[in-house]
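# Observations on the model geometry
Residues per chain are reported as follows:
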Amino acid sequence: MSEIKTHYRNCNICEAMCGLEIKYQDKEIISIKGDQQDPFSQGYNCPKATALEDFYTDKDRLKTPIKRTATGWEDISWDEAFSEIIDKFKGIQQQYGKNALAIYLGNPNAHSLGNALFLRPFMKSLGTINRFSSASTDQIPHHVAANFMFGAGMLIPIPDIDRTDFMLIIGGNPVVSNGSMMTAPNVIGRMKAIQKRGGKIVVVDPRRTRTAKIADQHLFIRPEKDALLLFAMIHCVFARGKVNLRHIETMVTGLDELEKLAKTYPPEKVAEFVGIKASTIHTLADDMMAADAAICYSRMGASTQTFGGLCQWLTNVLNIITGNFDRAGGAMFPQPAFDLLRNQKKGYKSSFGQYHSRVRKLPFFNGEFPVATLAEEIQTAGEGQIKSLITVAGNPVLSAPSGHKLAEAFDSLDYMVAIDIYLNETTQYANIILPGTTGIENSHFDIFFNNFSVRNTVKYSAPLFEKEPQQRADWQILQEIAARMTNTPLDDPMLKITPEMLLDSELKKGAYGKQGMSLQKLIDNPHGIDLGPLMPCIEARIKTANGKVDLAPQLYIDDLPRLNSVMTQPARDQQYPFDLIGRRLVKSHNTWTQNSARLVKGKNPCTLEIHPEDAKLLGITKGQRLKVSSLVGEIEIEAVITDDIQQGVVSMPQGWGHNQKGIKMSVAATQPGVSINDITDADRVDLLTGNAAFNGTPVAIEIA
Ligand SMILES: Nc1nc2c(c(=O)[nH]1)N[C@H]1C(S)=C(S)[C@@H](COP(=O)(O)OP(=O)(O)OC[C@H]3O[C@@H](n4cnc5c(=O)[nH]c(N)nc54)[C@H](O)[C@@H]3O)O[C@H]1N2
Ligand SMILES: Nc1nc2c(c(=O)[nH]1)N[C@H]1C(S)=C(S)[C@@H](COP(=O)(O)OP(=O)(O)OC[C@H]3O[C@@H](n4cnc5c(=O)[nH]c(N)nc54)[C@H](O)[C@@H]3O)O[C@H]1N2
Ligand code: SF4
Ligand SMILES: [Mo]
């Protein structure tokens, strides 16, 4: 045995970018702890970090390509796999057109340096516009708002949590999720610091979450009514004459239009629909206006709903007109060392609405269609039908709305490939699975999350363990498919490009390049480098053609009749009287970390929370099995009775349902749970952005 060594890296499971200190001996991990010397995370880590070891040692994890045959899965060589895949893809595209091949990208791509860099040439080589990703089950409304207000989808204002005095959290549970579109390791510590300096935190959520429990105030809201609440708060700001644009006074357009619109949403009018008293809405607005520095931060609860687009627009508006934009303690733009906007010109025209999906006419945006429309694009015959699919690090059978229907659609494909580390609910439909390396086997740099970070920092992590000779990294798989699709010889110099080369080049060309930023500098600083707090930078960063922030983009105004119709409809569906919402758990990340024994041990967390009054009415007792049905499906799940959930609303975890036969995830199978997305409805989307609307799915409940 050789000596015990120490390795420093960032955890790449969630968005928080926690620095880790890993002790290891030969190829064995001895401990994984938070890195005290990481200037950003300062020793913080959550329980998921230790599971990086489990993913590495997992016996179920695939390391070589496998092929589905009549008698089961068989190992095949990389060369055989690539040859067959390219043959099939080319054949299908020749017969049915380029767009007959579709791509689905899942969440781990955003947490991988290699994938972030090599997906672009890969997608280009496949030449299809039928691209889908988990972004349309998540944050697309943020990008659409950024695009139309600030001129670039990636220009998303981030809450300056470390300097604010008032934080309004709408539909986010950062104590559990560790923050999203807000990279803030130890978000609990940062929230407590707000309170310590005399500030206040208010949470608006249909569930009393762990975040709500540490907040100063929690307001229950009816699901999907956030846009009305935000508009009412904006109304209050205008009504009090408190609009304060500060340094961006000459940089905004649409203020008069906005005032006119806001006039029609007084708190008194929206209160009964929102489920929050008018007087409380007035006080909430007053509190925000009175704070020296305040932020409204709205996340999944305000994105994955039928008004996600409006919510993210109005959140930005509220921050801007209360003088809390591009200013310490407000909503600010990071200035990342690897700047995804470096080459983006002012006035750049986004792809929003460049195409509409064939069947349901949902808008194309950010180079992709909403995944809510994928099943029907596969199953509806006709010109442009999808016949073949490649998924990269995604599990849409469990993660996309009406996932069970997507499974049927995948089963009907002519040919499917998955680049994935597991044989799971989605990849079981593939003809070939190509496994990449993962986690600690990879080098890492957070290209995306530095764009959403509450401080400017920079860090590179080398691979801890070399991959085994038979393994390939995801980026190598992507690179080889791209080369073979374009008939590039395998000894072409293009194929010698590595993620490190591209990273080094971008760091040198980026905002800190003149100060010597480079890959070598990061290698010399294994704990990462702090580049300071977020700075006002709107003039330099804004990408609109006229250099102004548009407060009232026309597409949002056109969407308002849809919002208004909510106030004329009955609050509850007769047949499906409950609103279903999802919840995240500290010890799981979406659908894929449940094969770690240390993360899934203990009681089954996949339960349905229901309010005591609702339970009484239906005669439900603790632990009883319930049948939960929606327009599209039904599941059975155990009841938990709690007043942490609003009356009329029920909640269950997302990311579960590992109960299918023939799948190679033996630990997950011991605690399978059921999939929320067997009952969420792919037809429920935010029509403006095409984003999936998970929240507020109408369901009926009975004793099973
Ligand atoms: N009802 C409901 N549904 C939801 C949500 C919700 O709140 N409610 N949340 C949504 C959100 S925010 C998201 S981001 C999506 C996530 O949706 P997806 O991205 O589709 O789901 P994941 O669970 O992240 O799936 C990751 C897949 O990548 C594989 N994988 C893990 N690591 C690697 C790797 O390093 N390389 C490769 N090649 N594969 C890897 C895993 O085996 C798994 O198959 O789910 C969405 N779905
Ligand atoms: N432990 C853990 N951490 C994670 C993940 C994970 O699976 N597990 N996933 C990661 C990913 S991919 C993402 S995108 C982030 C998400 O990060 P967050 O957005 O912080 O996480 P959620 O738990 O989805 O929070 C959404 C909240 O919205 C509430 N909600 C539901 N409907 C409504 C509504 O209509 N209005 C309002 N106001 N609230 C509503 C829910 O009760 C919930 O508390 O978390 C990331 N971090
Ligand atoms: S909070 Fe996220 S980044 Fe930090 S240790 Fe946990 S999973 Fe990893
Ligand atoms: Mo997500």
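Just so it is clear, the structure is predicted and the values come from calculations on it, not from any experiment. (Residues numbered from 1 in each chain as written. Chains lettered and ligands numbered in written order. Predicted model: local features only at pLDDT ≥ 70, side-chain atom pairs only at ≥ 80, totals over all residues. Heavy atoms only, no water.)

## Quick look at the nonpolar core
Counting 101 residues, the largest nonpolar core has Leu 229 and Trp 313 as the members making the most contacts within it. The greatest single-element share of this core, amounting to 11 residues, is contributed by helix H8 (residues 226-239). Each residue touching Trp 313, except ones within four places of it in the same chain, is listed here: Ala 145, Met 149, Phe 231, Leu 258, Leu 261, Leu 551, Ala 552, Pro 553, Tyr 556 and Leu 560. The next biggest cluster of nonpolar side chains, apart from the first, holds 45 residues, and it includes Ile 86, Ile 92, Phe 122 and Ile 477. (Core = buried A, V, L, I, M, F, W, Y, C linked by side-chain atoms within 4.5 Å. Buried < 20%, exposed > 50% of the residue type's maximum accessible area, 1.4 Å probe, protein only. Helix = DSSP H or I, 4+ residues; strand = E, 2+ residues; numbered from the N terminus. Contact = heavy atoms within 4.5 Å.)

## Remarks on the sheet that holds strand S2 (residues 19-25)
The sheet built from 3 strands is open, its strands ordered S1-S2-S3 with antiparallel pairing. Only two strands of the sheet have a single neighbouring strand rather than two, namely strand S1 (5-10) and strand S3 (28-34). Adjacent strand axes in the sheet meet at a mean angle of 25 degrees, parallel and antiparallel pairs treated alike. Bridging between S2 and S3 involves 6 bridges; their strand directions are antiparallel. If you follow Ile 22 over to S3, its bridge partner there is Ile 32. (Pairing = 2+ DSSP bridges. Axes fitted to C-alpha atoms, helices over the stretch in contact; angles between N-to-C directions.)

## Quick look at the site of ligand 2
Surveying the vicinity of ligand 2 reveals 32 residues, the closest of which are Asp 205, Glu 224, Asp 226, Arg 584 and Ser 588. In this structure, Asn 173 approaches ligand 2 through a main-chain N or O atom, which is 2.9 Å from an oxygen atom. Take Met 300: an N or O atom from its main chain is 3.2 Å from an oxygen atom of ligand 2. Taking 910 Å² as the accessible area of ligand 2 by itself, protein coverage stands at 97%. At the level of secondary structure, the elements contributing two or more residues to the shell around ligand 2 comprise helix H5 (174-177) and helix H12 (300-303). Counting residues per element, the shell around ligand 2 draws most heavily on H5, at 3 residues. In terms of residue class, the shell around ligand 2 is built from 11 nonpolar, 13 polar and 8 charged. Here the shell around ligand 2 spans two domains, and each of domain 2 (142-338 + 537-562) and domain 3 (570-703) adds at least three residues to it. (Near = heavy atom within 4 Å. Polar contact = N/O pair within 3.5 Å; in protein donor to acceptor, adjacent residues only side chain to side chain. Areas by Shrake-Rupley, 256 points an atom, 1.4 Å probe, with all protein chains shown as cover. Nonpolar A, V, L, I, M, F, W, Y, C, P; charged D, E, K, R; others polar. Domains from an automatic or database assignment.)

## A look at empty space enclosed by the protein
Vacant regions in the atomic arrangement are exposed by a probe of water-molecule size rolled over the atoms. Following the criterion strictly, the structure yields 7 cavities of 30 Å³ or more and no others. Computed from the structure, the largest cavity encloses a volume of approximately 150 Å³. Elements supplying a minimum of two residues to the lining of the largest cavity: helix H4 (140-150), strand S13 (294-298) and helix H13 (308-321). Broken down by element, the lining of the largest cavity gets its largest block of residues, 4 residues, from H13. Of the residues in the lining of the largest cavity, the class split is 9 nonpolar, 6 polar and no charged. Of the voids in this model, the second largest cavity is the one considered here, and its volume is about 80 Å³. Lining the second largest cavity, in full, are Cys 11, Ile 13, Cys 14, Ala 16, Met 17, Cys 18, Tyr 44, Asn 45, Cys 46, Lys 48, Ala 49 and Asn 178. (1 Å grid on protein atoms, 1.4 Å probe; cavity = no way out; pocket = protein on both sides within 12 Å on 5 of 7 lines; lining within 4 Å. Points joined across faces, edges and corners; volume = space filled by probe spheres on them.)

## Re the site of ligand 3
Every residue close to ligand 3 is listed here: Cys 11, Ile 13, Cys 14, Ala 16, Met 17, Cys 18, Asn 45, Cys 46, Lys 48, Ala 49 and Asn 178. Of all the cavities here, the one that holds ligand 3 is the second largest cavity. Across the shell around ligand 3, the residue classes tally to 8 nonpolar, 2 polar and 1 charged. (Sits in = over half its atoms within 2 Å of the grid points.)

## Side note on the pattern of salt bridges
Oppositely charged side chains can form a pair if their charged atoms are brought close together. Within this structure, the stated rule accounts for 33 salt bridges. The partner of Arg 598 in a salt bridge is Glu 53, and the shortest N-O contact between them spans 3.2 Å. One end of the pair, Arg 598, is in helix H22 (residues 597-600); the other, Glu 53, is in helix H1 (residues 52-57), and 545 residues separate them in sequence. We classify Arg 598 as partly exposed; its relative accessible area is 31%. Judged by its relative accessible area of 22%, Glu 53 is partly exposed. A salt bridge links Arg 190 to Asp 162; the nearest nitrogen and oxygen atoms lie 2.7 Å apart. In this pair, Arg 190 is assigned in helix H6 (residues 187-196) and Asp 162 in the loop between strand S8 (158-159) and strand S9 (166-170), connecting sequence segments 28 residues apart. Three or more residues joined by partner-sharing salt bridges are found here, namely Asp 79, Arg 472, Glu 480 and Arg 484. (Salt bridge = Lys/Arg side-chain N within 4 Å of Asp/Glu carboxyl O.)

## Description of the sheet that holds strand S7 (residues 131-133)
Within the open sheet, the 7 strands sit side by side as S5-S4-S17-S16-S15-S6-S7. Their pairing is mixed. The strands lining the two open edges of the sheet, one partner per strand, are strand S5 (72-75) and S7. Taking the axes of each pair of neighbouring strands and ignoring which way they run, one obtains an average angle of 20 degrees across the sheet. As defined by bridge partners, strand S4 (residues 66-69) adjoins S5 across 4 bridges and the pair is classed as antiparallel. For Thr 69, the partnering residue across the bridge sits in S5 and is Gly 72.

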